[in-house]
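# Reading the structure
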Amino acid sequence: MQIVILNDAAEVAAYGADIFSTQLQRKAESVLGLATGSTPVALYQELIRRNREGELSFKDATTFNLDEYLGLEGSHPQSYRHFMNEQLFNHIDIDIDNTHVPPGDAKNPITACQDYEARMAAAGGVDIQLLGIGRNGHIGFNEPSSGLTSRTRVKTLTKETIEDNARFFEEGEYQPHLSITMGIGTILDAKKVVLLATGENKADAIQAMVEGPLTASCPASALQLHKDAVIVIDLLAASKLKNIEFYQHIEAENQKLQDYLASVASL
Ligand SMILES: N[C@@H]1[C@@H](O)[C@H](O)[C@@H](COP(=O)(O)O)O[C@@H]1O
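Residues numbered from 1 in each chain as written. Predicted model: local features only at pLDDT ≥ 70, side-chain atom pairs only at ≥ 80, totals over all residues. Heavy atoms only, no water.

Before going further, it helps to examine unusual backbone geometry. Note: most residues except glycine have negative phi, and most peptide bonds are trans. Phi at S145 takes a positive value of approximately 90 degrees, unusual for a residue other than glycine. For S145, the position within the fold is in the loop between β6 (128–131) and β7 (153–156). (Helix = DSSP H or I, 4+ residues; strand = E, 2+ residues; numbered from the N terminus.)

What follows concerns the side chain of N136. Take N136: it is sitting in the loop between β6 and β7. A polar contact of 3.0 Å, which involves the side chain of N136, links it to the side chain of H138. Reaching out from N136, the side chain makes a polar contact with the side chain of T158 at a distance of 3.4 Å. Look past the residues within four positions of N136 in its chain and what remains in contact with it is E143, P144, T158, E160, T161, S217 and P219. (Polar contact = N/O pair within 3.5 Å; in protein donor to acceptor, adjacent residues only side chain to side chain. Contact = heavy atoms within 4.5 Å.)

Right, let's get into the side chain of Q207. Its place among the elements puts Q207 in helix α7 (residues 203–211). For Q207, a relative accessible area of 17% corresponds to the buried category. (Buried < 20%, exposed > 50% of the residue type's maximum accessible area, 1.4 Å probe, protein only.)

This paragraph deals with the pattern of salt bridges. Enumeration according to the criterion identifies 15 salt bridges in this entry. Measuring nitrogen to oxygen at the nearest pair gives 2.7 Å for the salt bridge that ties R49 to E46. Of the two residues, R49 and E46 both sit in helix α2 (residues 41–52), three residues apart, roughly one turn of that helix. Across the pair K192 and D228 runs a salt bridge, and its minimum N-O distance is 3.3 Å. (Salt bridge = Lys/Arg side-chain N within 4 Å of Asp/Glu carboxyl O.)

Another point: the sheet that holds strand β4 (residues 67–69). Here three strands make up an open sheet; going across it, the order is β4-β8-β7 and the pairing antiparallel. The open sheet has two free edges, formed respectively by β4 and β7, since each of these has just one partner strand. Within this sheet the neighbouring strands show an average axis-to-axis angle of 30 degrees, counted without direction. In this sheet, strand β8 (residues 178–181) lies alongside β7 in antiparallel orientation, the contact comprising four bridges. (Pairing = 2+ DSSP bridges. Axes fitted to C-alpha atoms, helices over the stretch in contact; angles between N-to-C directions.)

Taking strand neighbours across the sheet as the criterion, the seven strands line up as β1-β10-β9-β6-β2-β3-β5 in an open arrangement whose pairing is parallel. A single partner strand is all that each edge strand has here, and the edge strands are β1 (2–6) and β5 (99–100). In the sheet, strand β9 (residues 192–197) pairs with strand β10 (residues 229–234) via five bridges, with the strands oriented parallel. Bridged to V194 within β10 is V230. The strands that helix α4 (residues 109–122) touches are β3 (62–65) and β5; relative to β3, the one it contacts most, it runs at about 150 degrees.

Here you go:
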């Protein structure tokens, strides 16, 4: 795991946007794994700005979102499809037919999950997967006890997650308790994984993910197995890390190495 600790949420969004920009500049037809929640919104705004200013294009990109509420149509204002259209897709030059969100209104959710996996495979797999993290360490909607090799499937949400996400629903509005989510195994198949977290309420989950044991009780700890996982967090989300100074030291050393390699390359 590469652990990047930045001052605040704005720096986290800009750093995340740089990773995605670099990916798209290197490979225009990238397959991007995307996420919902409040954390990626600032990153999406930065990508929209860069797209408008002609710094990057999504024209040839394909996207697959992590998850969706089961029981909501894509046109429902609280669906993740609607969220993605509003927060990103409607504002960039992507072909909407190349954007994929699990179908929350699938007649047969079981075969819909298999179909989603097949589409990802047919697209060549995800090049870079964006993640947030739940307070209980969930990624996508892989709640604690999720299988570490799980694939896209129907998952039941915990009470904590339902409460955390209740802020997006009107009082008395139906809030789904089920979801379709990429599995942990699906997420680990992405060539690169970038997890963003900001704020003190994520500090326990970040500590468990980075320094705790590899365990289904903290689904995000599965990223310890990934060969290219970048964890980008602000100081508040990093505040419970026991070895915070060491991670900052590693990053400083990494930066020196990058500078050295750049100077050698320019000789
Ligand atoms: N399914 C999503 C997750 O993908 C997201 O990471 C999490 C945290 O969201 P937020 O960024 O709003 O804290 O919320 C939801 O449960």
